Amino acid sequence: MLGAVSLGGFAGGEARYLLGLAFPTPHAGFPATTFAINVSGAFILALLLVLILEVWPPTKYLRPLLCTGFCGAYTTFSTWMVDADRLFAAGRYGLAAADLFGALGAGLAATVLGLTCGRAVLTYRKRAAARLEVSEQQGEHSESEVLR
């Protein structure tokens, strides 16, 4: 378990670090990279939780690897707060408020979207399985025809 969390954490932290290098925040500018990382991380975590818990077959290590490890290291509450503090210190109060409240609102929206997408996959799979079952009972169609 610890190895899965560590491996996921390494990958998530490395992804965040590389994105920060590729898209640095200008002095007293809006921290778009941190904003995008945290919002995308909220979406990824919500989607993965639905897929891992409700869609894919049970596994022992996938949730610790991807959710706790990768998403935990990829997203960053502390950098979000440091970025907001730097904006406040530079007198950029509007940008600081936009960062704080915008990231919170966008993160919540991304979470809802991730859950919705995951549940849409679950619904599609359940409907496809039901169509396949009906088809097998009738003996009329192949599996590929039912999944269309």
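What counts, and where the lines are drawn
For every chain, the first residue of the written sequence is number 1, and numbering continues from 1 along that sequence. For this predicted model, a pLDDT threshold of at least 70 governs which residues receive local features, and a threshold of 80 or more governs which side-chain atom pairs are given and counted, while totals over whole chains, interfaces and linings are taken from all residues. The side-chain quantities take in all heavy atoms of the structure and omit both hydrogens and water. In this text, helices come from DSSP runs of H or I with a minimum length of four residues, and strands from runs of E with a minimum of two, each type numbered from the N-terminal end. The reference for a compact globule is 2.2 Å times residues^0.38; the radius of gyration itself is calculated from the C-alpha atoms. Note on classification: 1.4 Å probe, protein chains only; a residue is buried when its accessible area is under 20% of the maximum for its type, exposed when over 50%, partly exposed between these limits. Contact criterion: two residues are considered in contact whenever any of their non-hydrogen atoms come within 4.5 Å of each other. For the purpose of charge, His is not counted, nor are the chain termini; Lys and Arg are scored as positive and Asp and Glu as negative. Charged side chains are reduced to one point each, which is NZ for Lys, CZ for Arg, CG for Asp and CD for Glu. Should a side-chain nitrogen of Lys or Arg be within 4 Å of a carboxyl oxygen of Asp or Glu, the pair is scored as a salt bridge. Multiplying one less than the number of residues by 1.5 Å gives the expected span of a helix. Two cysteine sulfurs form what is called a disulfide whenever their separation falls within 2.5 Å. Here is the rule: rings of Phe, Tyr and Trp (six-membered ring for Trp) pair when centre to centre is within 6.5 Å. Planes less than 30 degrees apart are stacked, more than 60 are edge-to-face, and the remainder are tilted. Between N or O atoms, a polar contact is any pair within 3.5 Å; within protein, one atom must be a potential hydrogen donor and the other a potential acceptor, and residues adjacent in sequence are included only when both atoms are from side chains. Throughout, an axis means a line fitted to C-alpha atoms (over the contacting stretch in the case of helices), and angles, computed between N-to-C directions, take values from 0 to 180 degrees. Geometric relationships in this document are graded by angle, where less than 35 degrees denotes roughly parallel, more than 145 denotes roughly antiparallel, 65 to 115 denotes roughly perpendicular, and other angles denote oblique. Crossings are sorted by hand: turned counterclockwise from the far helix by less than a right angle, the near helix makes the crossing left-handed, and turned clockwise it makes it right-handed.

**Student:** Any chance you could explain the overall build of the chain here in plain terms?
**Tutor:** Across its full length, the chain carries 6 helices and 0 strands. What you see in the chain, going N to C, is helices and strands ordered as α-α-α-α-α-α. Over its C-alpha atoms the chain spans a radius of gyration of 20 Å, topping by over 25% the 15 Å that the globule rule assigns to 148 residues. Projected onto the principal axes, the alpha-carbon positions of the chain cover approximately 70 × 35 × 20 Å. Looking at the chain as a whole, 29% of its 148 residues qualify as buried. Long-range contacts, defined as pairs at least 24 residues apart, comprise 67% of the intrachain contacts of the chain with a sequence gap of at least 6. When the 11 basic and 10 acidic side-chain charges of the chain are each reduced to a single mean position, those positions are 5 Å apart.

**Student:** Mind showing me how you'd approach the side chain of Asp83 here?
**Tutor:** Here Asp83 lies in helix α4 (residues 77-89). No salt bridge is formed by the buried Asp83; its nearest oppositely charged neighbour, Arg86, is found at 4.3 Å. Contacts of Asp83, omitting those with residues within four sequence positions, involve Pro31, Thr34 and Asp99.

**Student:** Quick question: what am I supposed to make of helix α5 (residues 93-138) here?
**Tutor:** Given a rise of 1.5 Å per residue, 46 residues ought to cover 68 Å, and the 66 Å separating the end C-alpha atoms of α5 matches this to within 8%. Among the residues of α5, Ala96, Asp99, Ala103, Gly107, Ala110, Gly114, Gly118, Leu122, Ala128, Leu132 and Ser135 are the ones counted as buried. Following α5 by one or two positions, Gly139 adopts a phi angle in the positive range, close to 65°.

**Student:** Help me out: how do you make sense of the state of the cysteines in this one?
**Tutor:** A covalent bond bridging the sulfur atoms of two cysteines is what the word disulfide describes. This model, assessed by the stated rule, comprises 0 disulfides. Looking at the unpaired Cys67, the closest cysteine sulfur is the one in Cys71, lying at 5.7 Å.

**Student:** I would appreciate a short explanation of the packing of aromatic side chains in the present structure.
**Tutor:** The way to describe two aromatic rings as a pair is by their centre distance and the angle between their planes. Using the criterion set out here, one finds 4 aromatic pairs in the structure. Residues Phe77 and Trp80 carry aromatic rings whose centres are separated by 5.5 Å and whose planes lie at 85° to one another, so their mutual orientation is edge-to-face. Of this pair, Phe77 and Trp80 both sit in helix α4, 3 residues apart, which is roughly one turn of that helix. With 6.1 Å between their ring centres and 45° between their planes, Phe88 and Tyr93 make a pair best called tilted. The class for Phe88 is partly exposed, based on a relative accessible area of 36%. According to the relative accessible area criterion, Tyr93 is exposed, its value standing at 54%.

**Student:** Please clarify how the environment of Met81 should be interpreted in this entry.
**Tutor:** With respect to the helices and strands, Met81 occurs in helix α4. For Met81, a relative accessible area of 29% corresponds to the partly exposed category. Expressed as a C-alpha distance, the spacing of Met81 and Phe43, which sit 38 residues apart in the sequence, is 20 Å.

**Student:** Honestly, the side chain of Thr34 in this entry has me stumped. Any pointers?
**Tutor:** As for its position among the elements, Thr34 is in helix α2 (residues 32-55). Its relative accessible area of 10% is what places Thr34 among the buried residues. Only 2.9 Å separates the side chain of Thr34 from the side chain of Asp83, close enough to count as a polar contact. Beyond its immediate stretch of four places on either side in the chain, Thr34 contacts Thr76, Thr79, Trp80 and Asp83.

**Student:** Explain the packing of α4 against α5 here, please?
**Tutor:** Each pair of packed helices can be summarised by the angle the axes make with each other and by the distance between the axes. Their axes nearest at 7 Å, the elements α4 and α5 cross at an angle of 160°. In this view, α4 runs roughly antiparallel relative to α5, as classed from their interaxial angle. The way α4 lies across α5 gives a crossing that is left-handed. Along its contact with α4, which presents Trp80, Met81, Asp83, Ala84, Leu87 and Phe88, the element α5 presents Tyr93, Leu95, Ala96, Asp99, Leu100, Ala103 and Leu104.

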